[in-house]
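Spelled out, the chains give:
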Amino acid sequence: MKNKPIIALPCRSFTVNMPLTPQAQGAIDSYVSTIVNAGGIPLLIPLIENTDDILQLFECCDGLLLCGGEDIHPSHYGTNLEKHELGDETVTEMMQPNSVRDTLEIALVKEAWKNKKPILGVCRGSQLLNIAFGGTLYQDIEQDLGIKGHLALRHKDDSPELLDANIHTVEIECDSRLHSILNTDQIYVNSLHHQAIKDVPQDFMVVAKAPDGIIEAIECKDKNQFAIGVEWHPELLWQRNNAEWINLFKAFVKSASS
Ligand code: MN
């Protein structure tokens with residue numbers, strides 16, 4: 001019997017409500033349960049500084065899921081951290097870069113690529129995938145591009161409806177792996193990102209855009225490598241509003257099992 005593929009999920013760091021031991025690591029449950037439902041075995045990868053140890057751990061993994069989270073430090077795409085006056089502490093606090101996570105995830109992406117293991121990036125994950133190969137980001141959509149309203153979650157409005165709200169559509173390129181998985185030219189998505197992809201590296205292409213021109217998905221040009229990044233959160237959408245979004249994760253897990 002064929003074993004199920006093991007999908008590596010790098011953790012994020014956060015504080016918990018335990019006064020003596022507030023620092024914790026873990027993954028948001030929606031990613032974990034989505035991998036389970038798509039037929040994979042999720043393996044949480046701890047954030048430690050010894051990258052070699054993590055690459056050794058990754059040898060037993062068949063795919064890499066890059067989850068959402070804080071902003072990537074802009075030094076990884078050749079610029080400085082700009083002090084955006086967002087007028088919203090929630091955004092700035094939540095988005096503080098974590099250098100251990102940045103370094104570890106970049107190393108894992110390169111290792112996955114070298115070994116032809118599939119990679120799926122969600123939100124921050126798509127941005128990480130982009131910068132790991134030399135791409136760049138807009139540090140804030142509203143500040144850098146003057147586009148308002150792209151990030152639904154802003155101004156301390158954290159109502160759960162925003163997680164699965166149809167915030168904007170995306171147009172999907174016909175000749176793309178993403179199109180072949182979703183089987184549609186246009187689809188509604190949620191939108192919980194305040195950063196966006198700017199320049200796309202040579203081995204990648206833009207495969208979905210929002211009506212305001214924001215790049216919403218990228219994938220690699222090599223048809224033999226599964227590497228897709230999406231700015232929206234399909235791991236929330238399939239559980240809440242459109243069950244078909246599980247197909248993206250099923251395609252990813254299937255690719256990891258072949
Ligand atoms: Mn968006």
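Note that the structure is a prediction, hence the values are computed from the model and not measured.

Enquirer: A description of the packing of helix 2 (residues 51–58) against helix 4 (residues 99–114) should follow, citing residues and the corresponding values.
Expert: Across the interface, helix 2 lies against helix 4 with an axial gap of 10 Å and an inter-helix angle of 40°. The angle between helix 2 and helix 4 falls in the class oblique. Once helix 2 is placed against helix 4, the crossing between them reads as right-handed. For the pair formed by helix 2 and helix 4, the contact residues are Thr 51, Ile 54, Leu 55 and Phe 58 on the first element and Thr 103, Leu 104, Ala 107, Leu 108 and Glu 111 on the second.

Enquirer: Give a description of the nonpolar core that names residues and reports values.
Expert: Counting residues in each nonpolar core, the largest one holds 62 residues, and the members touching the most others are Ala 8, Leu 64, Leu 65, Ile 119 and Phe 252. Sorting elements by how many residues they give to this core places helix 10 (residues 246–257) first, with six residues. Excluding residues within four positions of it along the chain, Leu 64 makes contact with Ala 8, Leu 108, Val 109, Ala 112, Lys 117 and Ile 119.

Enquirer: How would you summarise the pairing of strand 1 (residues 6–10) if you had to cite specific residues and measurements?
Expert: On any regular strand, side chains alternate: one points to one face of the sheet, the next to the other face. The element strand 1 is extensively covered by neighbouring structure, given that four of its five residues are classed as buried. Here strand 1 runs beside strand 4 (residues 41–45); their pairing, made up of five bridges, is parallel. Looking across to strand 4, one finds that Ile 7 is bridged to Pro 42. When strand 1 meets strand 5 (residues 63–66), the two strands line up parallel, connected through two bridges.

Enquirer: Lay out the pairing of strand 12 (residues 215–220) with the relevant residues and their values.
Expert: Judged by how many residues are buried, strand 12 sits mostly within the fold: six of six residues are covered. By the bridge criterion, five bridges tie strand 11 (residues 204–209) to strand 12 in an arrangement that is antiparallel. Bridge assignment links Ala 208 to a residue of strand 12, and that residue is Ala 217. In this structure, the hairpin formed by strand 11 and strand 12 is closed by a connection of five residues, where Gly 213 is found at a positive phi of approximately 95°. Both strand 12 and strand 13 (residues 227–230) contribute to a ladder of three bridges, which runs antiparallel. The residue of strand 13 that forms the bridge with Ile 218 is Gly 229. The turn linking strand 12 back onto strand 13 is made up of six residues.

Quick notes on the rules
Residues take numbers from 1 onward in each chain, read along the sequence in its written order. Local features in a predicted model are, by the rule used here, given only for residues with pLDDT of at least 70; side-chain atom pairs are given and counted only at 80 or more, and totals for whole chains, interfaces and linings are based on all residues. Think of each axis as a best-fit line through the C-alpha atoms, taken over the contacting stretch in the case of a helix, with angles from 0 to 180 degrees between the N-to-C directions. By definition, any uninterrupted DSSP run of H or I lasting at least four residues is a helix, any uninterrupted run of E lasting at least two residues is a strand, and each is numbered from the N terminus. Comment on the angle field: the value is read as roughly parallel under 35 degrees, roughly antiparallel over 145, roughly perpendicular from 65 to 115, and oblique elsewhere. Put simply, a crossing is left-handed when the front helix is turned counterclockwise from the back one by less than a right angle, and right-handed when it is turned clockwise. Each residue gets a C-beta atom placed from its backbone, and two residues are in contact if those atoms lie within 7 Å. Defined on buried residues, the nonpolar core groups Ala, Val, Leu, Ile, Met, Phe, Trp, Tyr and Cys residues joined through C-beta atoms within 7 Å. Around each residue's C-beta, the other C-beta atoms within 10 Å are counted; 20 or more make the residue buried, 12 or fewer make it exposed, and counts in between make it partly exposed. All C-beta atoms are placed from the backbone. If DSSP finds at least two bridges between two strands, the strands pair.

All we've got here are geometric facts, nothing functional implied.
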